[in-house]
Amino acid sequence: MKHILCSTGALIGRPNGRDWRLLEKFTPRLMFDGYEFMVYDSWYERLSEVVRDVARLGLNIPTLHCEKAIGELLSVREYAEAERQFRLNCEAAAELGARLLVLHLWNGRISDSHIDNNIEGAKRLEPIAASFGLCLTVENVVCNCRDPMCHIDRLAAETDVCFTFDTKMAAFHRQLDDVFAPERVKLWRDRRIRHIHINDYAGGYMDWSNLRTLHPGQGNIDFARFFTRLKDMGYSGDCTIEATSFDQAGEVDLDALNRDFEYVRDCLAR
């Protein structure tokens, strides 16, 4: 595995004003390899300012997580607006030095209820990402109609997009093992799965009341087994810790994140 990253969404959110400037304060205290930079919808009107400020810090940001509502626009066939917003995300990624994009192709209450529209959206967005020299990955986001893996199978067959695999999202649908099934070995062999999100999950099957982003060890995912299977598949990409680490007052538990980074390193060393 190349790098252990931290999602900026684990550090900055509504309680601390989504203040990107906090990254300068947090970074020296984090024992990690770089960031996955999360774009928020409230930043669009000042995204150039955000990107300029962050770029000045000289951080390692190999991955950018696109603003999540793009998938909702695709669901209702608002393709022009989705493409406009997606381009803004691509521009930000390019300026920050990112090489890979994470996209919620379906999202929110609409979820996968109009999946044909979302698949068409992927076909429209992938060439845009490629024009910026970026690899577009679709995340296995939770669904309220079907399940993520069936959509990933279809995307793999019909498009050239790659994928980000999120452990919490998979556990929610009881699909942690499904991604390693014999019929999906080709996804690993062809390097269609390019990125991994590490989060724990404490609920049962499609337990919406427990859809929280937890630190490894706070839920019921067997990460030692998961990382063993990753190695068996020859995975060599990055992974991102996404566990929410700020409280309602906006205070961030950096020690908890550092424990996550160390835990992942230990799993990889076994």
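Residues numbered from 1 in each chain as written. Predicted model: local features only at pLDDT ≥ 70, side-chain atom pairs only at ≥ 80, totals over all residues. Heavy atoms only, no water.

### A few points about helix α10 (residues 254-269)
Then step 1. When the terminal C-alpha atoms of α10 are compared, their 23 Å separation across 16 residues agrees well with the 22 Å that a helix rising 1.5 Å per residue should span.
Then step 2. Buried within α10 are the following residues: L254, A256, L257, N258, D260, F261, V264 and C267.
Then step 3. In the core, the buried residues of α10 are packed alongside β1 (4-7), α1 (22-26), α9 (223-232) and β8 (238-241). (Helix = DSSP H or I, 4+ residues; strand = E, 2+ residues; numbered from the N terminus. Expected span 1.5 Å × (residues − 1). Buried < 20%, exposed > 50% of the residue type's maximum accessible area, 1.4 Å probe, protein only. Contact = heavy atoms within 4.5 Å.)

### Details of the pattern of salt bridges
Opposite charge on two side chains allows them to pair when their charged atoms are near.
Then step 1. Inspection of the entire model under this criterion finds 17 salt bridges.
Then step 2. Here D116 ties to R154 by a salt bridge, and the two come within 2.7 Å at their closest N and O atoms. Separated by 38 residues along the polypeptide, D116 in helix α5 (residues 115-131) and R154 in helix α6 (residues 148-158) bring together distant segments of the chain.
Then step 3. Assessed through its relative accessible area of 49%, D116 is described here as partly exposed.
Then step 4. Where D190 meets R189, a salt bridge forms, and the shortest distance between an N and an O atom there is 4.0 Å.
Then step 5. With relative accessibility at 57%, the residue R189 sits in the exposed group.
Then step 6. Each of D116, K123, R154 and E158 takes part in salt bridges that share partners, so that together they form one network. (Salt bridge = Lys/Arg side-chain N within 4 Å of Asp/Glu carboxyl O.)

### Concerning a negative patch on the surface
Then step 1. The grouping of D247, E251, D253 and D255 at the surface amounts to a negative patch.
Then step 2. Note on placement: D253 falls in the loop between β8 and α10.
Then step 3. Exposure remark for D253: the relative accessible area of 36% places this residue in the partly exposed category. (Patch = residues over 30% accessible without salt bridge, like charges linked within 9 Å, V, L, I, M, F, W, Y side chains within 5 Å. Areas by Shrake-Rupley, 256 points an atom, 1.4 Å probe, with all protein chains shown as cover. Lys, Arg positive; Asp, Glu negative; His and termini not counted. Charge placed at Lys NZ, Arg CZ, Asp CG, Glu CD.)

### Observations concerning the nonpolar core
Then step 1. L11, Y35, F37, L64, F86, L101 and I196 are the most contacted members of the largest nonpolar core, which totals 88 residues.
Then step 2. Counting residues per element, this core draws most heavily on helix α4 (residues 79-96), at seven residues.
Then step 3. Those residues in contact with L11 that sit more than four places away from it in its chain are C6, N16, L23, F26, L30, Y35, F246, V252, L254 and L257. (Core = buried A, V, L, I, M, F, W, Y, C linked by side-chain atoms within 4.5 Å.)

### Quick word on the packing of aromatic side chains
Each pair of aromatic rings is reported with the distance of its centres and the angle of its planes.
Then step 1. This structure, assessed with the given rule, holds 13 aromatic pairs.
Then step 2. Ring centres of F165 and F226 lie 6.1 Å apart, and the angle between their planes is 15°; this geometry places the pair in the stacked category. Of this pair, F165 sits in strand β6 (residues 162-166) while F226 sits in helix α9; the two residues are 61 residues apart in sequence, bridging distant segments of the chain.
Then step 3. Overall, the relative accessible area of 2% leaves F165 in the buried class.
Then step 4. In this structure F226 comes out as buried when scored by relative accessible area, which is 4%.
Then step 5. Three or more aromatic residues link up through ring pairs in this structure, and these residues are F165, F180, W188, F226, F227 and Y235.
Then step 6. The residue whose ring lies beneath R21 is W20, and the NZ or CZ to ring-centre distance is 4.4 Å. (Phe/Tyr/Trp six-rings, centres within 6.5 Å; stacked < 30°, edge-to-face > 60°. Lys NZ or Arg CZ within 6 Å of the ring centre and 35° of its normal.)

### A few points about unusual backbone geometry
Then step 1. The phi dihedral of S111 falls on the positive side, at around 50°, and the residue is not glycine.
Then step 2. Mapped onto the elements of the fold, S111 is located in the loop between β4 (100-103) and α5.
Then step 3. Unusually for a residue other than glycine, R191 sits at a positive phi of about 55°.
Then step 4. The topology assignment puts R191 in the loop between α8 (185-189) and β7 (193-198).
Then step 5. What makes R191 partly exposed here is its relative accessible area of 42%.

### Here's the deal with the pairing of strand β2 (residues 34-38)
Along any regular strand the residues' side chains alternate between the sheet's two faces.
Then step 1. Of all five residues that make up β2, five are buried, and the element is covered over most of its length.
Then step 2. Both β1 and β2 contribute to a ladder of three bridges, which runs parallel. Across the sheet, residue S7 finds its bridge partner in β2, namely E36.
Then step 3. Pairing analysis gives three bridges linking β2 to strand β3 (residues 63-65), with the strands arranged parallel. Each bridged residue has a counterpart across the sheet, and for E36 the counterpart in β3 is T63.
Then step 4. Handedness of the crossover joining β2 and β3 through helix α2 (residues 47-56): right-handed. (Pairing = 2+ DSSP bridges. Right-handed = clockwise from strand over helix to strand, strands pointing away.)

### Overview of the sheet that holds β4
Then step 1. Strand order in this closed barrel of eight strands is β1-β2-β3-β4-β5-β6-β7-β8, and the pairing throughout is parallel. For this sheet, the mean angle separating the axes of adjacent strands, direction not counted, is 30°. (Axes fitted to C-alpha atoms, helices over the stretch in contact; angles between N-to-C directions.)

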